Amino acid sequence: MSSWKNTFAVYKRELLGYFNSPLAYIILVIFLLAVQGFTFIVGGFLNRDSASLSYQMGFFSWHPWIYLMLVPAVGMRLWSEEHRLGTMELLMTMPISPWHAILGKYFAAATVWALALALTFPIVWTVFYLGEPDPGPIVSGYIASYLYALACLAITSAVSAFTRSQVICFIISVTICLVLFLMGLQQVVDSVLKVTPDSLTGVVKIIAQLCFMTHYEYMTKGLLVFRDVLYFVSVIAVCLMITHHALQSKRA
(Lines give C-alpha, C1' and ligand atoms only; values in the text may rest on other atoms or scores of the structure.)
Protein backbone atom coordinates (compact mmCIF):
# COMPACT_ATOMS: atom_id res chain seq x y z
CA MET A 1 0.00 0.00 0.00
CA SER A 2 1.43 3.40 -0.92
CA SER A 3 2.18 5.97 1.76
CA TRP A 4 -0.76 8.19 0.75
CA LYS A 5 -3.14 5.21 0.81
CA ASN A 6 -1.90 4.41 4.33
CA THR A 7 -2.47 8.00 5.38
CA PHE A 8 -5.92 8.06 3.79
CA ALA A 9 -6.88 4.78 5.49
CA VAL A 10 -6.01 6.25 8.90
CA TYR A 11 -7.72 9.54 7.95
CA LYS A 12 -10.94 7.75 6.97
CA ARG A 13 -10.95 5.62 10.15
CA GLU A 14 -10.38 8.66 12.36
CA LEU A 15 -12.91 10.89 10.61
CA LEU A 16 -15.60 8.20 10.87
CA GLY A 17 -14.68 7.91 14.54
CA TYR A 18 -15.50 11.59 15.04
CA PHE A 19 -18.84 11.46 13.26
CA ASN A 20 -19.91 8.03 14.57
CA SER A 21 -19.87 9.54 18.05
CA PRO A 22 -21.65 12.65 19.39
CA LEU A 23 -18.30 14.48 19.84
CA ALA A 24 -18.03 16.17 16.44
CA TYR A 25 -21.69 17.19 16.39
CA ILE A 26 -21.51 18.64 19.91
CA ILE A 27 -18.34 20.57 19.11
CA LEU A 28 -19.80 21.94 15.88
CA VAL A 29 -23.01 23.06 17.57
CA ILE A 30 -21.16 24.70 20.48
CA PHE A 31 -18.76 26.45 18.07
CA LEU A 32 -21.56 27.83 15.89
CA LEU A 33 -23.61 28.98 18.90
CA ALA A 34 -20.54 30.60 20.48
CA VAL A 35 -19.50 32.37 17.26
CA GLN A 36 -22.98 33.74 16.66
CA GLY A 37 -23.53 34.62 20.32
CA PHE A 38 -20.26 36.51 20.65
CA THR A 39 -20.64 38.22 17.28
CA PHE A 40 -24.28 39.30 17.40
CA ILE A 41 -25.03 39.58 21.14
CA VAL A 42 -21.77 40.34 22.97
CA GLY A 43 -20.15 42.16 20.04
CA GLY A 44 -23.37 44.01 19.11
CA PHE A 45 -22.81 43.38 15.41
CA LEU A 46 -26.23 44.60 14.31
CA ASN A 47 -25.80 47.87 16.23
CA ARG A 48 -22.70 48.83 14.31
CA ASP A 49 -22.72 51.20 11.37
CA SER A 50 -20.35 49.08 9.30
CA ALA A 51 -20.94 45.66 7.74
CA SER A 52 -17.60 43.95 8.20
CA LEU A 53 -16.08 40.79 9.68
CA SER A 54 -12.66 42.28 10.43
CA TYR A 55 -10.89 41.71 13.74
CA GLN A 56 -11.94 45.15 14.96
CA MET A 57 -15.60 44.35 14.29
CA GLY A 58 -15.51 41.37 16.60
CA PHE A 59 -16.13 38.25 14.51
CA PHE A 60 -12.55 36.99 14.18
CA SER A 61 -11.47 38.43 17.54
CA TRP A 62 -13.63 35.82 19.33
CA HIS A 63 -12.26 32.79 17.50
CA PRO A 64 -9.05 32.40 19.60
CA TRP A 65 -11.14 32.46 22.81
CA ILE A 66 -13.43 29.75 21.45
CA TYR A 67 -10.54 27.63 20.16
CA LEU A 68 -8.91 27.66 23.60
CA MET A 69 -11.37 25.09 24.90
CA LEU A 70 -12.88 23.45 21.83
CA VAL A 71 -9.77 22.57 19.81
CA PRO A 72 -8.15 20.59 22.67
CA ALA A 73 -11.54 18.92 23.19
CA VAL A 74 -11.35 17.61 19.61
CA GLY A 75 -7.64 16.80 19.65
CA MET A 76 -7.31 15.18 23.09
CA ARG A 77 -8.51 11.84 21.70
CA LEU A 78 -5.89 11.72 18.93
CA TRP A 79 -3.38 9.54 20.80
CA SER A 80 -4.71 9.41 24.37
CA GLU A 81 -7.67 7.40 23.07
CA GLU A 82 -5.31 4.86 21.49
CA HIS A 83 -3.46 4.62 24.82
CA ARG A 84 -6.71 4.16 26.74
CA LEU A 85 -8.10 1.47 24.43
CA GLY A 86 -4.77 -0.34 24.31
CA THR A 87 -4.65 -0.08 20.52
CA MET A 88 -1.46 1.99 20.44
CA GLU A 89 0.72 -1.13 20.44
CA LEU A 90 -1.39 -2.68 17.65
CA LEU A 91 -1.18 0.52 15.60
CA MET A 92 2.58 0.66 16.03
CA THR A 93 3.01 -2.94 14.82
CA MET A 94 1.03 -2.34 11.62
CA PRO A 95 3.04 -1.95 8.39
CA ILE A 96 2.63 1.82 8.34
CA SER A 97 5.06 4.46 9.47
CA PRO A 98 4.23 6.74 12.42
CA TRP A 99 4.04 9.65 9.97
CA HIS A 100 1.15 7.97 8.09
CA ALA A 101 -0.76 7.63 11.36
CA ILE A 102 0.14 11.14 12.56
CA LEU A 103 -0.89 12.85 9.33
CA GLY A 104 -4.02 10.71 8.90
CA LYS A 105 -5.25 11.49 12.39
CA TYR A 106 -4.25 15.16 12.19
CA PHE A 107 -5.96 15.72 8.82
CA ALA A 108 -9.14 14.08 10.14
CA ALA A 109 -9.28 16.47 13.12
CA ALA A 110 -8.38 19.36 10.79
CA THR A 111 -11.35 18.41 8.61
CA VAL A 112 -13.68 18.85 11.60
CA TRP A 113 -12.44 22.45 11.99
CA ALA A 114 -12.64 23.14 8.26
CA LEU A 115 -16.28 22.06 8.43
CA ALA A 116 -16.87 24.21 11.53
CA LEU A 117 -15.59 27.33 9.77
CA ALA A 118 -17.47 26.48 6.57
CA LEU A 119 -20.71 26.33 8.55
CA THR A 120 -20.30 30.00 9.52
CA PHE A 121 -21.21 30.96 5.93
CA PRO A 122 -24.63 32.43 7.02
CA ILE A 123 -22.72 35.16 8.88
CA VAL A 124 -20.71 35.98 5.76
CA TRP A 125 -23.90 35.98 3.71
CA THR A 126 -25.51 38.35 6.24
CA VAL A 127 -22.61 40.79 6.01
CA PHE A 128 -22.74 40.90 2.21
CA TYR A 129 -26.54 41.23 2.36
CA LEU A 130 -26.32 44.24 4.69
CA GLY A 131 -23.49 46.07 2.97
CA GLU A 132 -20.52 45.92 0.65
CA PRO A 133 -17.63 44.71 2.82
CA ASP A 134 -14.07 44.37 1.58
CA PRO A 135 -13.65 40.63 0.89
CA GLY A 136 -9.87 40.80 1.53
CA PRO A 137 -9.99 40.88 5.35
CA ILE A 138 -12.69 38.20 5.33
CA VAL A 139 -10.60 35.80 3.23
CA SER A 140 -7.39 36.46 5.18
CA GLY A 141 -9.37 36.27 8.44
CA TYR A 142 -10.67 32.81 7.62
CA ILE A 143 -7.16 31.67 6.65
CA ALA A 144 -5.81 33.08 9.94
CA SER A 145 -8.60 31.49 11.95
CA TYR A 146 -8.04 28.07 10.37
CA LEU A 147 -4.27 28.25 10.85
CA TYR A 148 -4.83 29.25 14.48
CA ALA A 149 -7.08 26.23 15.02
CA LEU A 150 -4.58 23.93 13.28
CA ALA A 151 -1.75 25.22 15.49
CA CYS A 152 -3.77 24.53 18.66
CA LEU A 153 -4.64 21.11 17.23
CA ALA A 154 -0.96 20.31 16.56
CA ILE A 155 -0.08 21.29 20.15
CA THR A 156 -2.84 18.99 21.45
CA SER A 157 -1.58 16.17 19.21
CA ALA A 158 1.92 16.49 20.67
CA VAL A 159 0.60 16.52 24.24
CA SER A 160 -1.71 13.54 23.67
CA ALA A 161 1.23 11.47 22.39
CA PHE A 162 2.76 11.63 25.87
CA THR A 163 -0.26 10.74 28.02
CA ARG A 164 -3.04 8.16 28.14
CA SER A 165 -5.33 10.52 30.08
CA GLN A 166 -7.55 12.70 27.92
CA VAL A 167 -8.25 14.96 30.91
CA ILE A 168 -4.55 15.62 31.50
CA CYS A 169 -4.05 16.14 27.76
CA PHE A 170 -6.92 18.63 27.71
CA ILE A 171 -5.68 20.62 30.71
CA ILE A 172 -2.06 20.83 29.49
CA SER A 173 -3.11 21.72 25.94
CA VAL A 174 -5.47 24.47 27.11
CA THR A 175 -2.73 25.87 29.35
CA ILE A 176 -0.15 25.98 26.53
CA CYS A 177 -2.63 27.53 24.10
CA LEU A 178 -3.68 30.08 26.74
CA VAL A 179 -0.08 31.15 27.38
CA LEU A 180 0.63 31.47 23.65
CA PHE A 181 -2.58 33.47 23.33
CA LEU A 182 -2.08 35.86 26.26
CA MET A 183 1.61 36.57 25.67
CA GLY A 184 0.78 37.78 22.18
CA LEU A 185 -1.92 40.24 23.26
CA GLN A 186 -0.67 43.81 22.94
CA GLN A 187 -2.31 44.82 26.24
CA VAL A 188 -0.47 42.02 28.06
CA VAL A 189 2.83 42.83 26.33
CA ASP A 190 2.51 46.52 27.28
CA SER A 191 1.73 45.61 30.91
CA VAL A 192 4.72 43.27 31.12
CA LEU A 193 7.02 45.88 29.54
CA LYS A 194 6.03 48.43 32.23
CA VAL A 195 7.41 46.22 35.01
CA THR A 196 10.32 44.76 33.06
CA PRO A 197 13.85 46.21 33.36
CA ASP A 198 15.09 47.89 30.19
CA SER A 199 17.73 45.20 29.75
CA LEU A 200 14.99 42.56 29.34
CA THR A 201 12.54 44.41 27.07
CA GLY A 202 14.10 42.76 24.03
CA VAL A 203 13.41 39.32 25.52
CA VAL A 204 9.76 40.24 26.15
CA LYS A 205 9.34 41.43 22.56
CA ILE A 206 10.94 38.24 21.21
CA ILE A 207 8.57 36.12 23.33
CA ALA A 208 5.63 38.16 22.04
CA GLN A 209 6.75 37.48 18.46
CA LEU A 210 6.66 33.75 19.20
CA CYS A 211 3.02 33.88 20.32
CA PHE A 212 -0.20 33.39 18.36
CA MET A 213 -1.94 36.75 18.61
CA THR A 214 0.99 38.78 17.30
CA HIS A 215 0.60 37.04 13.93
CA TYR A 216 -3.15 36.38 14.06
CA GLU A 217 -4.21 40.02 14.41
CA TYR A 218 -2.23 41.14 11.35
CA MET A 219 -3.81 38.45 9.20
CA THR A 220 -7.37 39.26 10.28
CA LYS A 221 -6.83 42.88 9.23
CA GLY A 222 -6.38 41.75 5.63
CA LEU A 223 -2.57 41.69 5.80
CA LEU A 224 -1.76 38.19 4.57
CA VAL A 225 2.00 38.32 5.10
CA PHE A 226 4.15 35.27 4.32
CA ARG A 227 5.97 35.65 7.64
CA ASP A 228 2.76 35.14 9.63
CA VAL A 229 1.67 32.13 7.55
CA LEU A 230 5.15 30.65 7.94
CA TYR A 231 4.92 31.12 11.71
CA PHE A 232 1.75 29.03 12.04
CA VAL A 233 3.03 26.40 9.58
CA SER A 234 6.26 26.18 11.61
CA VAL A 235 4.34 25.70 14.88
CA ILE A 236 2.31 22.91 13.27
CA ALA A 237 5.42 21.24 11.80
CA VAL A 238 7.37 21.38 15.07
CA CYS A 239 4.46 19.97 17.10
CA LEU A 240 3.91 17.13 14.63
CA MET A 241 7.63 16.31 14.79
CA ILE A 242 7.36 16.21 18.60
CA THR A 243 4.41 13.84 18.17
CA HIS A 244 6.53 11.68 15.87
CA HIS A 245 9.39 11.64 18.36
CA ALA A 246 7.04 10.57 21.17
CA LEU A 247 5.56 7.74 19.10
CA GLN A 248 8.95 6.57 17.91
CA SER A 249 10.16 6.37 21.50
CA LYS A 250 7.17 4.15 22.36
CA ARG A 251 7.75 2.03 19.26
CA ALA A 252 11.43 1.43 20.07
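- As named in an unreviewed UniProt entry, the protein is ABC-2 type transport system permease protein, taken from Roseimicrobium gellanilyticum.
- Regarding the protein, the relevant UniProt record gives this comment under Subcellular location (unreviewed entry): "Cell membrane".

**Examining the overall build of the protein**
Part 1: Tallying secondary structure elements over the protein gives 13 helices and zero strands in all.
Part 2: Secondary structure elements of the protein occur, N-terminal to C-terminal, as α-α-α-α-α-α-α-α-α-α-α-α-α.
Part 3: Here the C-alpha radius of gyration of the protein, 19 Å, is about what a compact globule of 252 residues would show, namely 18 Å.
Part 4: For the protein, the spread of C-alpha atoms along the principal axes amounts to about 60 × 50 × 30 Å.
Part 5: Within the protein, buried positions represent 50% of all 252 residues.
Part 6: In the protein, of all internal contacts separated by at least 6 residues, the share reaching a separation of at least 24 is 79%.
Part 7: Summed over all atoms, the accessible surface of the protein reaches about 12,400 Å², with 70% contributed by carbon and sulfur.

**Focus: the packing of helix 3 (residues 59-75) against helix 12 (residues 212-220)**
How two helices sit against one another is set out by the angle between their axes and by the gap between those axes.
Part 1: The contact between helix 3 and helix 12 brings their axes to 10 Å, and the two run at 150°. Accordingly, the angle class assigned to the pair helix 3 and helix 12 is roughly antiparallel. Two packed elements cross with a definite hand, and for helix 3 against helix 12 that hand is right-handed. Along its contact with helix 3, which presents Phe60, His63 and Pro64, the element helix 12 presents Met213, Tyr216 and Thr220.
Part 2: Here the contact of helix 3 with helix 12 is composed, by residue class, of four nonpolar, two polar and no charged.

**So, the packing of helix 3 against helix 9 (residues 166-182)**
Part 1: Between helix 3 and helix 9, the least distance of the axes is 9 Å, while the angle of their chain directions is 155°. Classified by the interaxial angle, the pair formed by helix 3 and helix 9 is roughly antiparallel. As helix 3 packs across helix 9, the resulting crossing turns out to be right-handed. Between helix 3 and helix 9, the contacting residues are Pro64, Trp65, Leu68, Met69, Pro72 and Ala73 on the first element and Phe170, Ser173, Val174, Cys177, Leu178 and Phe181 on the second.
Part 2: Looking at the contact of helix 3 with helix 9, its residues break down into eleven nonpolar, one polar and no charged.

**Some thoughts on the pattern of salt bridges**
Part 1: Summed over the entire model, instances satisfying the criterion amount to four salt bridges.
Part 2: Residue glutamate 14 pairs with arginine 77 through a salt bridge whose shortest N-O separation is 3.0 Å. One end of the pair, glutamate 14, is in helix 1 (residues 3-19); the other, arginine 77, is in helix 4 (residues 77-85), with 63 residues separating them in the sequence. Like arginine 77, glutamate 14 is buried.
Part 3: A salt bridge links lysine 105 to glutamate 14; its shortest N-O distance comes to 3.0 Å. A residue pair is termed long-range when its members are at least 10 positions apart, and lysine 105 in helix 6 (residues 98-118) and glutamate 14 in helix 1 qualify at 91 residues.

**Some thoughts on the UniProt feature "transmembrane region" (unreviewed entry) in the protein**
Part 1: On the UniProt side, "transmembrane region" (unreviewed entry) is annotated at positions that read residues 21-42, 62-80, 101-130, 142-162, 167-189 and 229-247 here.
Part 2: End-to-end, the C-alpha atoms of residues 21-42 are 31 Å apart, and along that stretch the chain is 95% helix and 0% strand.
Part 3: Structurally, residues 167-189 is divided into 87% helix and 0% strand, and its ends, taken at the C-alpha atoms, are 30 Å apart.

**Some details on the state of the cysteines**
Part 1: Using the criterion set out here, one finds zero disulfides in the structure.
Part 2: Free cysteine: cysteine 152, not disulfide-bonded; nearest cysteine sulfur from cysteine 177 at 3.7 Å.
Part 3: A relative accessible area of 0% means that cysteine 152 is categorised as buried.
Part 4: With no disulfide partner, cysteine 239 has as its closest neighbouring cysteine sulfur the one in cysteine 177, 8.7 Å distant.
Part 5: Cysteine 239 gets classed as buried once you look at its relative accessible area, which sits at 10%.

Criteria and thresholds
Residues numbered from 1 in each chain as written. Predicted model: local features only at pLDDT ≥ 70, side-chain atom pairs only at ≥ 80, totals over all residues. Heavy atoms only, no water. UniProt positions renumbered as here; feature names shortened; annotations may be inferred. Helix = DSSP H or I, 4+ residues; strand = E, 2+ residues; numbered from the N terminus. Rg over C-alpha atoms; globule rule 2.2 N^0.38 Å. Buried < 20%, exposed > 50% of the residue type's maximum accessible area, 1.4 Å probe, protein only. Contact = heavy atoms within 4.5 Å. Areas by Shrake-Rupley, 256 points an atom, 1.4 Å probe, with all protein chains shown as cover. Axes fitted to C-alpha atoms, helices over the stretch in contact; angles between N-to-C directions. Parallel < 35°, antiparallel > 145°, perpendicular 65-115°, else oblique. Left-handed = near helix turned anticlockwise from the far one by under 90°. Nonpolar A, V, L, I, M, F, W, Y, C, P; charged D, E, K, R; others polar. Salt bridge = Lys/Arg side-chain N within 4 Å of Asp/Glu carboxyl O. Disulfide = S-S within 2.5 Å.

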